[in-house]
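The primary structure of each chain is shown beneath.
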Amino acid sequence: MESRGAAGSDPFARKLLRWFDHHGRRDLPWQRDPTPYRVWVSEIMLQQTQVATVVPYFGRFMERFPTLQALAAAPLDEVLHLWTGLGYYARARNLHRAAGRVQAEYGGDLPEDIATLQALPGIGPSTAGAILALSKGRRHPILDGNVRRVLARYHGIAGWPGSPSVARSLWSLAEGHTPKRRVAAYTQAIMDLGATVCTPKRPRCTDCPVSRECTALDQGLAEQLPSPRPRRSLPVRRSLFLIIFDDAGMVLLERRPPAGLWGGLWCFPECAPETELDDWLLSRLGITAEVLRVAERMRHSFSHFHLDITPLHLRLKGSGRVAEQGVRRWYRPGALPDIGLAAPTLSLLRSLGP
Ligand code: SF4
């Protein structure tokens, strides 16, 4: 247990720790018995996700996988199932992969050397620092979203924190403030300050323990910092979604290949707008169909491009039937989904009604 009142001479850390002793969060499930494994799982779940959402997921996860060994031995499907609803599934896949490696290469104990820890899938410098600081009290800085915000405001650092020069400045400030003692409490304190007081919108500066020296508050810039990511204009691609109805009102869906856009999810058959449609339907699906109408265009944005989708409603002609063979199926709009559907397909299916 770390003793209180040992924050060193840095006023920022000292004030933060004093505040933490009265206002910090000390009853979060992963704070009870903060083993490296439990802290690791919580840190991964907390990436891009609020504490309130994570708490029940963490409880279920720990019940099923109480140890790293249990996680390493589990099938990935089971891990993904417990992750359903948390999103960002790469986190779960990396967690599972890293557990397997730790089991195979380090006898089941997470490495305590920060560089080795960082070499594991899904563990970046901040997560590695948090695991060692929170579970072992090792002096390592962290720089998650909350900490970036607090430090950018406190020191008045302009510029997008994702750019290398701003990130370097923030890491160096994070390193400078991290005390030699009470590291776990300090680490939790700065995360808590960002999550509960120095919030992205409307920070509660009047309740902030470091407000007197805060540059952003002094300059009236609290809500402007940290600077947002500079906007890039993204390229636009266009695509036709073919909504092919059969006589029974069912529509045709295709499963996408495992890699690439919407990998493994179900989608309407898709082709480029300039496609010669009759030929395409015959050669790809072995059918003929008549166009019923062109529906309103919709935009789906990815991180690197916008996809403008034109839904084209068609009716199957004659007795042609598509061979399903596990990659195609006829689907009743409005049915409860029991398959993974790409987001625009799901919203189009909903618009078709039951
Ligand atoms: Fe954040 Fe306001 Fe505290 Fe500055 S004074 S660190 S802006 S909460």
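Attention in this report is confined to the structure presented alongside it.

Thresholds, definitions, all that
Residues numbered from 1 in each chain as written. Predicted model: local features only at pLDDT ≥ 70, side-chain atom pairs only at ≥ 80, totals over all residues. Heavy atoms only, no water. Salt bridge = Lys/Arg side-chain N within 4 Å of Asp/Glu carboxyl O. Helix = DSSP H or I, 4+ residues; strand = E, 2+ residues; numbered from the N terminus. Buried < 20%, exposed > 50% of the residue type's maximum accessible area, 1.4 Å probe, protein only. Arc of directions from axis to C-beta. Contact = heavy atoms within 4.5 Å. Near = heavy atom within 4 Å. Nonpolar A, V, L, I, M, F, W, Y, C, P; charged D, E, K, R; others polar. Phe/Tyr/Trp six-rings, centres within 6.5 Å; stacked < 30°, edge-to-face > 60°. Lys NZ or Arg CZ within 6 Å of the ring centre and 35° of its normal.

Applying the stated rule across the entire model yields 14 salt bridges. When the shortest N-O distance is used, the salt bridge between arginine 138 and glutamate 112 registers 2.7 Å. Separated by 26 residues along the polypeptide, arginine 138 in the loop between helix H8 (125-136) and helix H9 (145-155) and glutamate 112 in the loop between helix H6 (89-106) and helix H7 (114-118) bring together distant segments of the chain. Of the residues examined, arginine 138 reaches a relative accessible area of 32% and is grouped as partly exposed. For glutamate 112, a relative accessible area of 37% puts it in the partly exposed group. Ionic pairing is found between glutamate 254 and arginine 328, a salt bridge with its closest N-O pair at 2.7 Å. One end of the pair, glutamate 254, is in strand S2 (residues 251-255); the other, arginine 328, is in strand S8 (residues 328-331), with 74 residues separating them in the sequence. You'll find glutamate 254 and arginine 328 in the same group, each marked buried. Three or more residues joined by partner-sharing salt bridges are found here, namely Glu112, Lys136 and Arg138.

This paragraph deals with helix H5 (residues 76-83). The periodicity of an α-helix, 3.6 residues per turn, causes residues three or four positions apart to be oriented the same way. Three or more residues of H5 are buried, namely Val79, Leu80, Leu82 and Trp83. Axial view of H5: buried residues confined to an arc of 160°, hence all on one face. Residues of H5 that are exposed and point over 90 degrees away from its buried face: Asp77 and His81. Taken together, the buried residues of H5 touch helix H2 (36-46), helix H3 (51-64), helix H4 (68-73) and H6. The positive-phi residue at the C-terminal boundary of H5 is glycine 85, with phi of around 105°.

This paragraph deals with the site of the ligand. The ligand sits among Arg153, Cys198, Cys205, Cys208, Ser211, Cys214, Leu217 and Ala222. Classifying every residue of the shell around the ligand by side-chain character gives 6 nonpolar, 1 polar and 1 charged.

A few words on the packing of aromatic side chains. As enumerated under the stated definition, the model contains 9 aromatic pairs in all. An angle of 55° between the planes, with centres 4.6 Å apart, marks the rings of phenylalanine 12 and tyrosine 154 as tilted. Remark: tyrosine 154 occurs in helix H9 and phenylalanine 12 occurs in helix H1 (residues 11-23); sequence separation between them is 142 residues. Tyrosine 154 shares its class with phenylalanine 12; the two are buried. Summarising the aromatic geometry, the rings of phenylalanine 302 and phenylalanine 305 are spaced 4.9 Å apart at their centres and angled 25° between planes, so their arrangement reads as stacked. Above the plane of the ring of tryptophan 266 lies arginine 329, whose end atom (NZ or CZ) is 5.7 Å from the centre.

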